[in-house]
Every structure is written in C-alpha cells, then in structure tokens.
Amino acid sequence: MAPTQKVVDLQGDTVQGLQDEQPLTTDHGVKVSDTDNWLKIIGSENDSELKKNGPSLLEDQIGREKIHRFDHERIPERVVHARGTGAHGYFKVTNSASDYTFAPVLTDSSRTTPVFVRFSTVQGSRGSADTVRDVRGFAVKFYTEEGNWDIVGNDIPVFFIQDAIKFPDFVHAVKPEPHNDVPQGQSAHNNFWDFVGLQPESAHMVMWVMSDRGVPRSFRMMQGFGVNTFTMVNAAGKRHFVKFHFIPELGVHSLLWDEALKINGQDPDFHRKDLSEAIESGAFPKWKFAIQAIPESEEHEYDFDFDILDATKVWPQEAVPLVEIGELVLNRVVDEFFPETEQVAFCTSHVVPGIGFSDDPLLQGRNFSYFDTQISRLGINWEELPINRPICPVLSHNRDGKSRHRIVKSEVNYWPNRKNIGFPVSGEQGGYVEYAESLKGIKQRARGPKFQEHFNQAQIFFNSLAPYEKAHLVSAIGFELSHCDDPVVYESYIDVLNNIDFDLAKAVAVKVNGKIPTKPGRPNDGETGKGLSQLDFLPKEPTIATRRIAILISDGFNAVEMQAVRAALTSVKAVCYVIGPRRNHIRPMAGQDFGPGVFADHHFDSQRSTLFDAIYIPSGEEHVRTLARNGRVVHWVREAFGHCKAIAAVGEGVDLLRGVARLPGVDLFAPSRGQGSDEVVTSYGVVTTGKYSISSAVTDVLNIAPDTRGFASSFAFQISQHRCYERELDGLTEQVAF
C-alpha cells in the first residue's frame, strides 16, 4: 500500500542517519575532528615541570555541546500512561455513518485516513514493565482532511470515577505511595484499595481491571473504547449520543497472572516487541470500528437505571447494538521512538465538524486537562511537532511561544484586519459550529439522581464471565488485597464485593483473612450481558496467525517430521521458533541429510515457555533422551501445561510428556494403539501421535476446526482456542509445579 498522507508529511522532517562516507558534525554544522577527548592542557614529554595531563578547558565548544545536549535529552514523562508504544496506520469506512454524522472521516468510503495509535499502561513510569495488571491506553489520532480527531481511549469501556474533579485523587491513590515511592506498575497496595473501597462508583471498573482484561496477551488482542459519551450531528441537524468501540480481528485474549508476572522479569518489553514484530512481518493488526448511538430525542425513552453520561457504566448492547462503521489497520512502525511515540500528544477536545461533546462530567474535565498537560510537557507549540501537526492547512493568528518553528509571512496577526485575511467561516463552509442546545438548571456542586447506583453493572459483569474468568478474578483480587497490610483496607473492600456477589466476597475473604460475610449485601438475580466475557469475541474463523510456537529439539531429532509440521503451521501464518541446547546448528537423526543441521533461534536458557503460545516436541530417540535429562526443558513443558497452553508431541516426544514431565490427567498416545500409528489423540489441549511422516502431511490438509483428524490441524485448532482452561477447572494445573 502507498504511504499515507501523514507518512509523506513526516518525510520532510525525516533525515537519513549517518552513512559510511559522512563525517560527524556539531549541531551548528562544523565537522568534528575528535569526539573521544575533551580539549585539555597536555604537558610536554620533555618538560618535567609541566603536568602530562592538565585541566579540561571550558572553551571546548564541541565537548560542551555534547554534554549539554545529553543533559537535556529528557522531557517530563506523562503523569499517567507514561509507558507506551505506537505505530502508524490507516482507517477506512466500510459502512457510512451518515445516519449519525456528516463528518467525512466516518461517511466517505473513498478516503484513506492516516492514523497514529499509541498503546500504554497507566500506573507505571516509562521504565516499568509491559505485562503488569493495569488498564491499557488505546489512543488514536485520525489525521483527517478537516483537522485532527483524537479518540483518547482505553481497553476497558468504563472508568473509576464519574466526575473529573476526582481524577487527581484517583491518580494519587493508584500511583506509588508517597512515603516510599512503592509499588511501581501495580495497584496492589493500601492506598489504591483504600480509595476504591471508599469510592463505590469505582466497583464496576475494579471488576474489569481484576478480570483477565487487566493482563492482555497483546495490544493486538484487546479492545479499544472511547470510554466517554460523545455526540454526533448528521446533515439534517439530528444529534445522537455515541460510544466508540474498536474490536480486534484476532479476538480478545489474555495472559495468565503467573505468566504475566514472569514475563515482567523475563521480557519487560514483551508487548512492544509483539506489536513491532507483527507489523514488520506483514501481519498487520486490525480492528473493526463501531459505535453505539442513542438519538437525543429518544434519550429518556431508554429505561436505564443509570445516566447515559456516566463513565462508570456501559450501554447494554442488547438495548443499544453496535453499528460497524470501518476498519483500523496498523501497517508501519515508527522510524524514531522519541519524536514520534514519545512526543505524540492526544486531546479529547480535538474533534472535527460532525462530532462533538456531551455533558459527561468526566469528559468535560478531560477536555480541559489533556490540552493543559500537553502544554506542560511539550510547550505551547506542541501541535507544531511533526507527529502532532495536521495534514490539512493550519492557518491562525497564534504566534510566538517557546519552541516556535513555523515561519509565517504576514503583516497582520489579528482579526479583524484591513486585509480581510484569516477570517472565520460558517458551518456551510466547513467551520466548526457547536450544537445549539437549550439548557436550564441551578448552578451547584452535585450529581444527578441516576449517578447514585454503583453495583448493578459490576454484578452483571461478574455474572457474565465464564467459570475460569470468575476464578481468575477471585485470584486477582485475592492477590492484590493480600499485598495490603492495613486490615481496615482489605476488610472494608470485602463489604464492597458483598454488594456485587455473595460467593465472590466469601471467596476473597477466605484468601485474605477478611471478615467472611454471613449474608449477601444485596441480591444477585443472575442477570448477564452481551460483550462482557472475552469469549464473546472469538474470531468467527479460528486462526493461529502470529501465534508464537516453540519447537524444542536436540541432536538426533526427526528433522523431516519437524520441517513438515513447521511448514503446515507457518502456512497459516503462525510463527515458529526452534529452541535447542545452543544457538547453532542442531544435528538431525541419522540418515537425514540437512547439511550442518537445523539452526536453533534460541537456547533453552535464553527463552521461557511464557513467551510462546504453544510448544511442540518432535520424535527422535536420541534427542528425547537428551531433553529428558535437561531440567530446564522439563520445566518448559510443565510450565506450558500449567499456563494451559497447547502442547504437541510425536513418537518419543510423547514419552517425554508421559515419563519425565508427567502431565496429570491427560490421555496420551500409547504404543498399544499400534506401533508407528499416526492416530491423533487430543486431551486437555495436548495433541499426540505415534508418527508424522510425509504421507501424514499430505493427508493433513491444514483445517483449523474442532473435528479435524490430522496432527498439525488438531494442534492448530488447540492453539486457536488460546488456552485450555479446562485444565484449571478440573484441577490439573494445581498438580504441577511450575
């Protein structure tokens, strides 16, 4: 695809790094003769009265410039969402939203609108890890022909607070505690749970963050939401209240908590790398963009027990269905992280004609705060930075300020002026015109009556989760509260949970030594909702595209079989990595001619099972004997089993699972089924067979479906299910040390 308009726009500010024949210069263009030694007084070898190494001289402009530039490389990091990564892409309309808005970005299917998307964690600093339990930022900058439009969203559709005035309190509470600046990148501490326990409007959001949503497998496998209620106006002047949704093509998937904890140490950049690797390999991340819309004229006809402007609530999809509008695709990584990802700045107040604001009290404050914080972090001219500037003409009478670099040739910088230039235009000519809304009320510090209920949707969310999702949520809250050492904190939050679900409150109380409730705080009638469980977002067609598969081998492995299985998996865009005892060529079994062998991408100690979605062990007597003697390899297998990942083995590889790894409760292929049989046995996500030959591969046309019989196809289907959570529910994983 040709570069988008924004990519072309950035090329004017992009320079090629130093090439082979280019000398080093200072920032003022003077060629540098020595960049390793500061100018100093050096004594003569023949003069004993002079020092051989004297003081460094301040007159050295080259040395001073190098140090001064280094001293000022950093800018203030974001107060929240400090750690993030970004990518370029585009947005295309697939179904015009003209019923709701006249904004061409959402109605003109002939357009390709450039975008820049930044994903982030919220609590931690720039140096924190990727896979912490946290909300994820999902901010999209649309470079439209009418100006920039920013959706500054998250991967969760609700927020902790209803009114923006509570934002400083929430951020202070979730951030590291002020007396010791601990903990980093997590909410498992007294202050956060104290705040949410005393602020029951946060109960719904807490359920989402403590669910599997808090530890996504990938930025590419999480939803995005605008969170706030915005408005749209169509060409007839009719206004709708709207919510924004991004739905990932690959489905919504998460890590297990033990897995996330380990990745934090093993590869703290896991999500960053995952995004760039996918884009660079051509597996471009994609999301469907959809809206929910309520006509302003029908606002009060919806019998909700909440206000539609309350950011702690979702709009039930049963009552307000999603309307698909377009597709978001990311297809280009950044050229340089700092000027693009670190300096990109988003504002909820950046909208284009046809899109507007509601009276959502959280949005109203965000509109002020985001613009203000960009000025603080980047300066008043932050919108002139290449990554932030629009692709449409920018013509204003704004002037000067720190870091101004646009040069405007004009004799006037005000309106009205004698030349009649720089004039405002009407809505018909493209000017932004606010919707004419009639308002009547009393000025007061208060919230409406429908902002007072806080537990119904938290309960519906909990009820809607699959059994394994509920178990994970109980464990997550238990983990977090167990890190709170003030009994007042964890005991009071049990009361909040008891208003959501009686059994939930009891289960958590037992884990954290809280007071076990004797009766429900309020009834639970079992109501569920659509689009709340991650299972609601499985791809219509099972896929293993971009899934990372580790192939464990040692000298003497069956290379013919391994190559056939690998070819089958990569044919459907899985990514296979060979893991061996060394990063070098690994010799195949006798009789197989593969030159020096098959090259291993990593060795057993340099990677862990946590960094892969599945593992496969080929046959080969010598290679399996070696693997069985390696404790690290045994741990690979048992850990992958404990994390509910798909596991496959052939021939002697099955003996490793049965003998040394000793996977409990799993039915494995046995020689009694027929020596050398290619019958496939699948049990709890573990796929085994006696052999996989060329003839097996010929008949095993890869078909990712539940009723497939081939070995590679069966393995692919188990991978496509993300995890085999039945292992947890049936108590198998707790029998394995990992």
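This is a predicted model, so every value here is computed, not measured.

A. Layout of unusual backbone geometry. Note that the residue after Val 182, namely Pro 183, is joined by a cis bond; omega there is 0 degrees. With an omega dihedral of 0 degrees, the bond running from Trp 415 to Pro 416 counts as a cis peptide bond. Relative to the helices and strands, Pro 416 is located in the loop between helix H9 (361-378) and helix H10 (456-464).

B. A look at the state of the cysteines. Scanning all chains against the criterion turns up zero disulfides. The closest cysteine sulfur to the non-disulfide-bonded Cys 347 is located on Cys 392, 15 Å from its own sulfur. Overall, Cys 347 belongs to the buried group, its relative accessible area being 0%.

C. Looking closely at the pattern of salt bridges. One pass over the full model with this rule turns up 42 salt bridges. The partner of Arg 332 in a salt bridge is Asp 335, and the shortest N-O contact between them spans 2.7 Å. The exposure class assigned to Arg 332 is partly exposed, which follows from its relative accessible area of 23%. Exposure remark for Asp 335: the relative accessible area of 53% places this residue in the exposed category. In this structure, Arg 418 engages Glu 411 in a salt bridge whose closest nitrogen and oxygen atoms are separated by 3.8 Å. For the residue pair Arg 418 and Glu 411, the accessibility class agrees, reading exposed in each case. Each of the salt bridges in this network shares a partner with another, and the network as a whole consists of Arg 217, Arg 220, Asp 274, Arg 547 and Asp 613.

D. The sheet that holds strand S15 (residues 602-603), seen in detail. Across the sheet, seven strands lie side by side as S15-S12-S11-S16-S17-S19-S18; this open sheet has mixed pairing. Each of the sheet's edge strands pairs with one partner strand only, and the pair in question is S15 and strand S18 (680-683). Here four bridges tie S18 to strand S19 (residues 686-689), and the two strands are oriented antiparallel to one another. Residue pairing across strands places Ser 683 opposite Val 686, the latter belonging to S19.

E. Layout of the side chain of His 643. Assignment of secondary structure puts His 643 in the loop between helix H16 (631-642) and strand S17 (646-650). What His 643 contacts, discounting residues up to four positions off in sequence, is Leu 256, Asp 258, Glu 259, Lys 262, Thr 610, Arg 723 and Phe 738.

F. Seen up close, the packing of aromatic side chains. This structure, assessed with the given rule, holds 32 aromatic pairs. Pairing Phe 91 with Phe 289 gives two aromatic rings, centres 5.6 Å apart and planes at 90 degrees, and the pair type is edge-to-face. Remark: Phe 289 occurs in strand S8 (residues 286-295) and Phe 91 occurs in strand S1 (residues 84-93); sequence separation between them is 198 residues. Taken as a pair, Phe 91 and Phe 289 share a single burial class, namely buried. Arranged with centres 5.8 Å apart and planes meeting at 35 degrees, the rings of Phe 119 and Trp 287 form a pair that is tilted. Of this pair, Phe 119 sits in strand S2 (residues 113-121) while Trp 287 sits in strand S8, placing them 168 residues apart in sequence. No difference in accessibility class separates Phe 119 from Trp 287, as the two residues are buried. An aromatic cluster of three or more residues is present, and its members are Phe 91, Phe 119, Phe 138, Phe 142, Trp 149, Phe 219, Phe 230, Phe 244, Phe 246, Trp 287 and Phe 289.

Parameters and conventions
Residues numbered from 1 in each chain as written. Predicted model: local features only at pLDDT ≥ 70, side-chain atom pairs only at ≥ 80, totals over all residues. Heavy atoms only, no water. Helix = DSSP H or I, 4+ residues; strand = E, 2+ residues; numbered from the N terminus. Disulfide = S-S within 2.5 Å. Buried < 20%, exposed > 50% of the residue type's maximum accessible area, 1.4 Å probe, protein only. Salt bridge = Lys/Arg side-chain N within 4 Å of Asp/Glu carboxyl O. Pairing = 2+ DSSP bridges. Contact = heavy atoms within 4.5 Å. Phe/Tyr/Trp six-rings, centres within 6.5 Å; stacked < 30°, edge-to-face > 60°.

Spatial relationships are all this shows, so hold off on functional conclusions.
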